[in-house]
Amino acid sequence: MTKTMTKGATALPLNTILSGDCIEAMRTLPDASIDLIFADPPYNLQLKGDLHRPDNSRVDAVDDAWDRFATFETYDAFTRAWLAEARRLLKPTGAIWVIGSYHNVFRLGAELQNQGYWILNDVVWRKSNPMPNFRGKRLTNAHETLIWASKSEGSKYTFNYEALKALNEGTQMRSDWVLPICTGHERLKDANGDKAHPTQKPESLLHRVLLGTTNPGDVVLDPFFGTGTTGAVAKMLGRDWIGIEREAAYREVAEARLKRIRKYDRDALAVTTSKRAEPRVPFGQLVERGMLRPGEVLTSLNGQKSAKVRADGTLVADDVKGSIHQVGAHLEGAPSCNGWTYWCFRRDGKTVPIDLLRQQIRAEMAAS
């Protein structure tokens, strides 16, 4: 369940939409309490009048009051204020994503650097189905830019590299994302059947952001919550969220949307991780537990090299002794060797990689 809270909350209001001005609402939240911020601030489009198609029909452009600022200086002051609050709220390991168009993203990027954030990537969201340029006087605006930044230079931050690689069919995720804009069944409508929000972001975009840069149980803040895409995806992915939205109509739509969302089950939330992220298992633990015995002979994967296991978890060959990695490297005349994938043992007439024993211990650790 979610609920709308008024300004002045003192505790961290997880899975809640706060009403009111984003800067004032952020000031009610405690320091260093947020893992990730996703911000889709006003674009400040500076529209000078209605936009029409060639048939003279009016385009439903972003002309709401929340997107209007008197001057660039006014917009920059607003940006400075909310980014300062955002940085205060981030944990030392926290990070921020901001998204914008050519109207505002360069101003956002400069202010991020001015305040000490450390830019990690800029990502081009290339829209596979952009709105045409009806006037025919400029290029079609077919992309938006996201900036991903850590709280400061040298900060540790979450990056699920292997998960994004798996999402991209085993290929390293690039910084250009081809995703459709929000249309069809995903586009939320108001009571009159009109678009509930002019710049509703697709869930696919937030899925990629949250899968790649947060973990289950993390707290995600969206200070420009709109109709709640960030909260919806966070809830599905098992993250906690906080939204801030000043427009009552948007809050109402977001509340109804979030009530319909169900969290994925525990197995579905697990993602691919790097081998380095798995628990460390010393080779000596295999000896201690009797999975391998002192004096037992290990052979290389190709069967051409061999070494004996010693009681302290080291190996000894004819002219060398040391760890499974050191002995393997020496026998192969190589600068390094991954002993876990190099050495095998014999069981029931079969050659078995020692890494299977390590995986067995890791499985026990995960189950405990």
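Because the structure is predicted, anything quoted here is derived from the model rather than measured.

*Asks:* If you had to explain the pairing of strand β15 (residues 350–353) to someone new, which residues and values would you point to?
*Replies:* Bridge analysis of strand β14 (residues 343–347) against β15 gives four bridges, and the strand direction is antiparallel. Paired with R346 across the two strands is T351, which belongs to β15. Taking the residues between adjacent antiparallel strands as the criterion, β14 and β15 are bridged by two residues, where D348 takes a positive phi near 50°.

*Asks:* How would you sum up the sheet that holds strand β12 (residues 315–316)? Please name residues and give values.
*Replies:* If you trace the six strands from one edge of the open sheet to the other, you get β13-β12-β11-β10-β14-β15, paired in antiparallel fashion. Each edge of the open sheet carries a strand with a single partner, namely β13 (321–322) and β15.

*Asks:* Describe the packing of aromatic side chains, listing the residues and the values that go with them.
*Replies:* Inspection of the entire model under this criterion finds 11 aromatic pairs. When the ring of W97 is compared with that of W177, the centres are 5.9 Å apart and the planes differ by 40°; the resulting orientation is tilted. One end of the pair, W97, is in strand β4 (residues 90–100); the other, W177, is in strand β7 (residues 176–179), with 80 residues separating them in the sequence. Judged on exposure class, the residue W97 and its partner W177 are both buried. Taken together, the ring pairs connect W97, W148, Y157, F159, Y161 and W177 into an aromatic cluster. Over the face of the ring belonging to Y117 we find R87, whose NZ or CZ atom lies 5.8 Å from the ring centre.

*Asks:* Help me get a handle on the environment of K235, residues and values and all.
*Replies:* In this fold, K235 is placed in helix α6 (residues 229–236). On the accessibility criterion, K235 (22% relative accessible area) is partly exposed. C-alpha separation for the pair K235 and Y264, spaced 29 residues apart in sequence, amounts to 8.4 Å. Residues in contact with K235, not counting those within four places in the same chain, are W241, L258, I261 and K263. A polar side-chain atom of K235 sits 3.1 Å from the main-chain carbonyl oxygen of I261.

What counts, and where the lines are drawn
- Residues numbered from 1 in each chain as written.
- Predicted model: local features only at pLDDT ≥ 70, side-chain atom pairs only at ≥ 80, totals over all residues.
- Heavy atoms only, no water.
- Pairing = 2+ DSSP bridges.
- Helix = DSSP H or I, 4+ residues; strand = E, 2+ residues; numbered from the N terminus.
- Phe/Tyr/Trp six-rings, centres within 6.5 Å; stacked < 30°, edge-to-face > 60°.
- Buried < 20%, exposed > 50% of the residue type's maximum accessible area, 1.4 Å probe, protein only.
- Lys NZ or Arg CZ within 6 Å of the ring centre and 35° of its normal.
- Contact = heavy atoms within 4.5 Å.
- Polar contact = N/O pair within 3.5 Å; in protein donor to acceptor, adjacent residues only side chain to side chain.

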